[in-house]
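Read off the chains here:
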Amino acid sequence: MPDSHADEPFRREVRAWLDTHCPPEMRGPADGEEDHCWGGRNPEFKNDAQRRWMEAMVARGWTVPDWPVEYGGGGLSSGQCRILKQELARIEARNPLFSFGISMLGPALLKFGTEEQKHRFLPEIARGEIRWCQGYSEPNAGSDLAALQTRADDKGDHWLVNGQKIWTSHADKADWIFCLTRTDPAAPKHRGISFLLFDMASPGVTTRPIRLISGLSPFCETFFDDVRVPKDQVVGEVGKGWDVAKFLLGHEREMIAGIGLLGPEEGLGAEFADLLAADPILRAEVAAFDVDALAFRAMSERFVDELKSGRAHPVQPSLMKYAATELHKRRHELRMALAGTATLEWESERTTFGMPAREWLRTKGNSIEGGTSEVQLSIIAKRLLNLPVAGATPST
Ligand SMILES: Cc1cc2nc3c(=O)[nH]c(=O)nc-3n(C[C@H](O)[C@H](O)[C@H](O)COP(=O)(O)OP(=O)(O)OC[C@H]3O[C@@H](n4cnc5c(N)ncnc54)[C@H](O)[C@@H]3O)c2cc1C
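Everything numeric in this text was worked out from a predicted model, so none of it was measured.

Colleague: Sorry if this is basic, but what is going on with the overall build of the protein chain here?
Modeller: Within the protein chain, the regular secondary structure consists of 12 helices and eight strands. C-alpha extents for the protein chain along the principal axes are approximately 70 × 50 × 50 Å. Evaluated residue by residue, the protein chain yields a buried proportion of 49% over its 396 residues. Looking at the protein chain alone, contacts between residues at least 24 apart form 71% of all its contacts between residues at least 6 apart. With an accessible surface of roughly 19200 Å², the protein chain has 54% of that area assigned to carbon and sulfur atoms. For the protein chain, the distance from the average position of its 48 positive side-chain charges to the average position of its 57 negative side-chain charges is 3 Å.

Colleague: So what exactly am I meant to see when it comes to the site of the ligand here?
Modeller: Neighbouring the ligand are 18 residues; S137, S143, W167, S169 and T372 lie closest to it. Contact between the ligand and S169: a nitrogen atom at 2.8 Å from a side-chain N or O atom of the residue. At 2.8 Å, a side-chain N or O of E374 approaches an oxygen atom of the ligand. Contact with the protein chains hides 70% of the accessible area of the ligand, taken as 970 Å² for the molecule alone. Listed by contribution, the elements that provide at least two residues to the shell around the ligand are β3 (158-169) and α11 (356-366). When residues of the shell around the ligand are assigned to their parent elements, the largest contribution, three residues, is made by β3. Residue composition of the shell around the ligand, by class: six nonpolar, nine polar and three charged.

Colleague: Is there a simple way to explain helix α9 (residues 280-308) in this structure?
Modeller: Its 29 residues place the ends of α9 42 Å apart at the C-alpha level, agreeing with the 42 Å of an ideal helix rising 1.5 Å per residue. For α9, the full list of buried residues reads L282, V286, F289, D290, A293, F296, S300, F303 and E306. Between the side-chain oxygen at the start of α9 and the backbone nitrogen of I281 there is a gap of 3.2 Å, and the oxygen is on D279. The positive-phi residue at the C-terminal boundary of α9 is G310, with phi of around 75°.

Colleague: I'm lost on the side chain of E221 in this one. Help?
Modeller: With respect to the element layout, E221 can be found in strand β7 (residues 219-230). In this structure E221 comes out as buried when scored by relative accessible area, which is 19%. Non-local contacts of E221, meaning those with residues more than four positions away in its chain, are made with Q164, K165, I166, T206, T207, R208 and I210.

Colleague: Could you clarify how one ought to interpret helix α5 (residues 115-126) in this entry?
Modeller: One full turn of an α-helix is made of 3.6 residues, so residues set three or four places apart face in the same direction. For α5, with 12 residues, the first-to-last C-alpha span of 16 Å sits near the 16 Å given by 1.5 Å per residue. Here α5 has its buried residues at Q117, K118, F121, L122, P123, I125 and A126. On its buried side, α5 packs onto α2 (48-60), α4 (100-112), β1 (132-135), β4 (176-182), β5 (193-199) and β8 (234-235). Residue G128 follows α5 closely and has a positive phi angle near 70°.

Thresholds, definitions, all that
Along each chain, residues carry numbers from 1 onward, in the same order as the chain's sequence is written. Side-chain atom pairs in this predicted model are given and counted only at pLDDT of 80 or more, local residue features only at pLDDT of at least 70, and totals for whole chains, interfaces and linings cover all residues. No hydrogens and no water enter the side-chain calculation; it runs on all heavy atoms of the structure. Here a helix means four or more residues in a row that DSSP labels H or I, a strand means two or more in a row labelled E, and each is numbered from the N terminus. Burial classes follow relative accessibility: with a 1.4 Å probe on protein chains only, a residue under 20% of its type's maximum area counts as buried, one over 50% as exposed, and anything between as partly exposed. Whether two residues are in contact is decided by their heavy atoms: any pair within 4.5 Å suffices. Here the open area of atoms and residues is found with the Shrake-Rupley method and a 1.4 Å probe, where only the protein chains shown may cover a residue. As used throughout, the charge tally considers Lys and Arg to be positive and Asp and Glu to be negative, leaving His and the chain termini uncounted. To locate a charge, take NZ of a lysine, CZ of an arginine, CG of an aspartate or CD of a glutamate. Near, as used in this document, describes a residue that has one of its heavy atoms within 4 Å of the molecule or strand being considered. Pairs of N or O atoms are called polar contacts if they sit within 3.5 Å, as long as, within protein, a hydrogen donor faces a hydrogen acceptor (for residues adjacent in sequence, only side-chain-to-side-chain pairs). Each residue gets one of three labels, nonpolar for Ala, Val, Leu, Ile, Met, Phe, Trp, Tyr, Cys and Pro, charged for Asp, Glu, Lys and Arg, and polar for the others, Gly among them. Residue count minus one, scaled by 1.5 Å, sets the expected span of a helix.

This is the structure we're talking about:
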């Protein structure tokens, strides 16, 4: 969408501000997930530039530019947010703060939280002071998430939480968890679920890291053993946590869909032009990929505009998540094929992360986390295409 005349001063202001405040070291791609800034109670910055970049964006409210100013946001209109995004992309600025609080919990609190909860949690999230993790999946409740068994028993002045979660990303580093619990075991499975927030430092919370195929351990098994949770830390109505959970999943899928936009706009063809001249089959595969990547970029821009203006179909996050994660897997399959034996390197002097093989293996999880590709296809088939879906419909 082209700028209107009214937008031009804002674009000039953003450009000038970024020139001054975005350190040169914070421009260009990060060196893998390990290089991200996650904030938290005890934040770990890779260098001083990363700290300054996060603090500068926090001070402007631009870690969450579309949130209201009173909750720590930038209070920008959707048009201004688009300009900020474009200007950040123009200088290849890194994300100043990776945060499940920003991408998942915040939107759910804005919709379902009490005024007190919004004032308590949202500014902390915007400032990156608390690192959150997501307690949804359990050993027997993944695609069928509503089968979850972690209990929160009403003890009068508090909830008592017992149970186990699994695949909890960064649980061992998180300060707080947003957690789905069963508060009414007698109710049908989609009811009787409540959405609780609690401190991971509470007595009775333990985590055990799980090692991934890539050699990293970005997630954990998480155990709750008589964890006391204050009564006012339920988001939404008691027993209606499924509504909050589903809403948040839409935002999680949007966040994951961002990986569809990774890589230079010119595409793989431009990056590997010299290698492709000699291999017509690979050249055709790369050309087909680059066309699909461009189509995804265009679709994504349209979808984001529709989401911001409230015109999005509820199934849109599933469409974007499915397309993005399958595209990203293809991107890395091709990169492995293109770079030849160099891609087999596992350890290197440069870093333990960021090598093609580890990144390629990590992409396998992209089409599982946030609901698998099969689950997204079932949702699209049922809710968008009105097709009959064979077997049990997954509950995520
Ligand atoms: C990298 C990564 C990070 C994650 N982070 C988190 C996190 O932070 N917090 C969290 O709570 N969870 C997290 N998860 C868990 C994730 O949400 C689940 O793995 C996912 O929902 C699938 O559940 P499952 O693993 O139990 O597989 P299952 O549900 O057992 O599925 C196994 C296979 O069967 C298929 N299947 C199942 N049911 C159906 C159906 N009805 N129709 C068609 N096919 C079906 C699935 O598509 C899949 O291929 C993460 C997962 C990964 C890989």
